[in-house]
Amino acid sequence: MKQKVRIAAGQGFWGDLLDAPVRQVEGGPIDYLMLDYLAEVTMSIMQKQKARDPNAGYAKDFVPLMRRILPTCVERDIKVTANAGGVNVRGCANAVIEVARELGLGGNKLRIGMVTGDDIMSRLDELLSRGIELRNMDTGEPLSTVRDKIQSANAYLGAWPMVEALNRGAQIVITGRATDTGLTLAPLIHEFGWANNDWNRLSAGTIAGHIIECGAQASGGNCQYEWRSIPNLGDVGFPIVEASPDGTFVITKHERTGGWIIIPGIKEQLVYEMGDPHEYITPDCVADFTTIHLEYEGRDRVRVFGIEGRPATEFLKVSISYSAGFKAVGTLVYAWPDAYEKAQAADRILRRRLDRLGLQFDHVLTEFVGVNATHGRLAGPPDADIPEVQLRVGVRGQDRSAVERFTKEIAPLILTGPPAVTGFAGGRPKVEEIVAYWPALIPKEEITPAVEVLEA
Amino acid sequence: MRVRLTELAHARSGDKGDTANVGLIALQDEFYPILVREVTAERVKQHFTGIVHGEVERFELPNLGALNFLLHESLGGGGTLSLMTDAQGKTFSTALLRMEIDVTDQEAADLHG
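Cut-offs and rules
Residues numbered from 1 in each chain as written. Chains lettered and ligands numbered in written order. Predicted model: local features only at pLDDT ≥ 70, side-chain atom pairs only at ≥ 80, totals over all residues. Buried ≥ 20, exposed ≤ 12 C-beta atoms within 10 Å, placed from the backbone. Helix = DSSP H or I, 4+ residues; strand = E, 2+ residues; numbered from the N terminus. Pairing = 2+ DSSP bridges. Contact = placed C-beta atoms within 7 Å. Axes fitted to C-alpha atoms, helices over the stretch in contact; angles between N-to-C directions. Parallel < 35°, antiparallel > 145°, perpendicular 65-115°, else oblique. Left-handed = near helix turned anticlockwise from the far one by under 90°. Nonpolar A, V, L, I, M, F, W, Y, C, P; charged D, E, K, R; others polar. Domains from an automatic or database assignment.

Draft legend 1. Up close: the pairing of strand β4 (residues 111-116) of chain A. Residue and element names in this part refer to chain A. Across the six residues of β4, six count as buried, placing the element largely inside the fold. With six bridges connecting them, β4 and strand β19 (residues 450-455) associate as antiparallel partners. Looking across to β19, one finds that M114 is bridged to E452.

Here is the structure:
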């Protein structure tokens, strides 16, 4: 058994620095690269792509990335865990196999693991008919209230199906909707042979995953603590977990990279998107964040230890996306003098016109960027001499045509409203379809993950 | 004496649906008891009047010298439904750091010494 396993984070979200995973693979020793591609509503975008093209529906960026790093990964025996499969894990795996063959890595030189079974879209009516209500965890509403608007429905799978793929020799493990933390935990279970009721170690691996799943947010990015002193963010190194069989681990990054690994920075990432710290619930365990201890183990090395956890719950979280109407946001910029007063006047004029047109919206929001868009009234009144203010008005509603009509009322304010106004180079605001997120729970026994391992 | 939280703490915030979370972290271990004493859920709710429309929950993490706050009904519906510039609640962290709290003369001396 290895005594140290290094897992490197390559993506904090789909859209993160494209070169980060390449630098993780090439910049120093690692054993695993983990890549998180799925935000809450990503699945619905992929579902739409797949409806148009049966070969689509996964994270497209993953395939050219594999082309760049596969030869090095095979040469150095670096394995990859990625939830890049979206709603078409097989399509993603096939595209990677094609790339592998082009690189001369076909046949038994490369094994690709596929984890499926998360997609419950086609089973929804059957589940509802059996009384599995999939109520919204936040609002308590039953799913039937949005049944005809649903665009995707996936259970979050945990680490164990990925562990099975690794145990069966997979070097690249591609999943659909799997938890971000499972992408890190699975390699640790595979390498160290942790038991499925070893709750403390499973929790440690889960927390390791939580720390690195947002990429550079653990290594100096978005770090408030002494932010001016953070070295060379232009060349920021993404975080790496260096784990031991006993469940302790060190957070570090490659040498000669920018950013930093410091205790206050790790603390900031630990509390990010935290709920009740006593119970961080995943499919694999319930981790207790009040047991985490941190200490320095050298420059850019923070040791994490003492983690305890409890048995996993009997449920999996389900991520359902549904169509929830339309929205648009328009902006204009008003200049000194009286910039804020002018922007407020423009807002009143715009609202009067919307009223006269009889447009109905579920919500209209006005913000004044430069005055109150982030901290609201806490920011206090602006300087009377403020150089400019951006008026930002958003509307949301069920009627697309009303939202469309709103987008045509912004530009006319330039010639028919207060003076010293500019900032309309982008044209009319775009109407966006809102795809909203519906979190729910499903009994674990309803979900059967499937694992396949293919030779390239 | 009154001091701003920026002098005692740093923070990071994020979202879960229409709920924002703010993790408030003591800059030094000895500031943590001051945060526990002064930055109550009630005070935070009051601080965010007109911004946070639901309840405020507080959790303690003495091991990290941190408090975690859940600010319910604060993101204009949350996620893709929200029309807010900060639909993900990323700047609630520094909004909380604007809060002023009371410290004793001794604590103030430690803070500025």
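Draft legend 2. Looking closely at the environment of T366(A). Residues and elements named next belong to chain A. Secondary-structure assignment places T366 in strand β15 (residues 363-369). T366 sits in the partly exposed class, given 18 other C-beta atoms within 10 Å. In sequence terms T366 and G28 are 338 residues apart; their C-alpha atoms lie 49 Å from each other. Here T366 is in contact with D347 and V393, once residues within four sequence places are set aside.

Draft legend 3. Quick peek at the sheet that holds strand β8 (residues 249-252) of chain A. Residue and element names in this part refer to chain A. With mixed pairing, ten strands are arranged side by side in an open sheet as β11-β12-β8-β7-β1-β2-β3-β6-β4-β19. The outermost strands of the open sheet, each flanked by one partner alone, are β11 (293-296) and β19. Direction aside, neighbouring strands of the sheet carry axes that sit 20° apart on average. Running over the sheet, helix α9 (residues 263-270) touches β8, β11 and β12 (302-305) and is turned about 155° from β11.

Draft legend 4. Up close: the packing of helix α6 (residues 160-167) of chain A against helix α7 (residues 180-192) of chain A. Residues and elements named next belong to chain A. It is at 8 Å that the axes of α6 and α7 come closest, and there the two elements cross at 45°. Put simply, α6 runs oblique to α7. By crossing handedness, the relation of α6 to α7 is classed as right-handed. Contact residues: M162, V163, L166 and N167 in α6; G182, A186, P187, I189 and H190 in α7. Along the lines of polarity and charge, the residues of the contact of α6 with α7 split into six nonpolar, three polar and no charged.

Draft legend 5. Summary view of the domain arrangement of chain A. According to the domain assignment, chain A contains domain 1 (5-118 + 156-313) and domain 2 (320-435). If you average the C-alpha positions of domain 1 of chain A and of domain 2 of chain A, the two centres end up 39 Å apart.

Draft legend 6. Seen up close, the interface of chain A and chain B. Counting residues at the interface gives 41 residues for chain A and 32 residues for chain B. Mapped onto the side of chain A that touches chain B, the elements with two or more residues apiece are α9, β14 (315-335), β15, β16 (388-397) and β18 (432-443) of chain A. In terms of residue class, the side of chain A that touches chain B is made up of 20 nonpolar, ten polar and eleven charged.

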